[in-house]
Amino acid sequence: MKDTLVYVVRWTGVPCAPTGGPARSTSGTSGLTTTCELVDFLDAQTGKVLYAIEATSL
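What counts, and where the lines are drawn
Residues numbered from 1 in each chain as written. Predicted model: local features only at pLDDT ≥ 70, side-chain atom pairs only at ≥ 80, totals over all residues. Heavy atoms only, no water. Patch = residues over 30% accessible without salt bridge, like charges linked within 9 Å, V, L, I, M, F, W, Y side chains within 5 Å. Areas by Shrake-Rupley, 256 points an atom, 1.4 Å probe, with all protein chains shown as cover. Salt bridge = Lys/Arg side-chain N within 4 Å of Asp/Glu carboxyl O. Helix = DSSP H or I, 4+ residues; strand = E, 2+ residues; numbered from the N terminus. Buried < 20%, exposed > 50% of the residue type's maximum accessible area, 1.4 Å probe, protein only. Lys, Arg positive; Asp, Glu negative; His and termini not counted. Contact = heavy atoms within 4.5 Å.

Give a description of a nonpolar patch on the surface that names residues and reports values.
A cluster of nonpolar side chains, namely M1, L50, Y51, I53 and L58, defines an oily patch on the protein surface of about 480 Å² accessible area. As for its placement among the helices and strands, L50 is situated in strand 3 (residues 49-55).

This is how it looks when you write it as structure tokens:
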């Protein structure tokens, strides 16, 4: 991304399944037991995603 103008789009509180093992289901849910943050880096000229990351804590 060097010398590239980018937009950073960030979502917080997105339901997601934890990694590192099977998802734990709580009564009546589909195994989504935590929330994540998602960050996308978009090329400002084309709108294409250059890089994306998802984690429980960034």
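After that view of the structure, there is still more to cover.
If you had to explain the side chain of D43 to someone new, which residues and values would you point to?
If you trace the backbone, D43 turns up in strand 2 (residues 34-43). Despite its burial, D43 pairs with no opposite charge; the closest candidate is K48, at 8.4 Å N-O. If sequence neighbours within four positions are ignored, D43 has contacts with T4, L5, K48 and L50.

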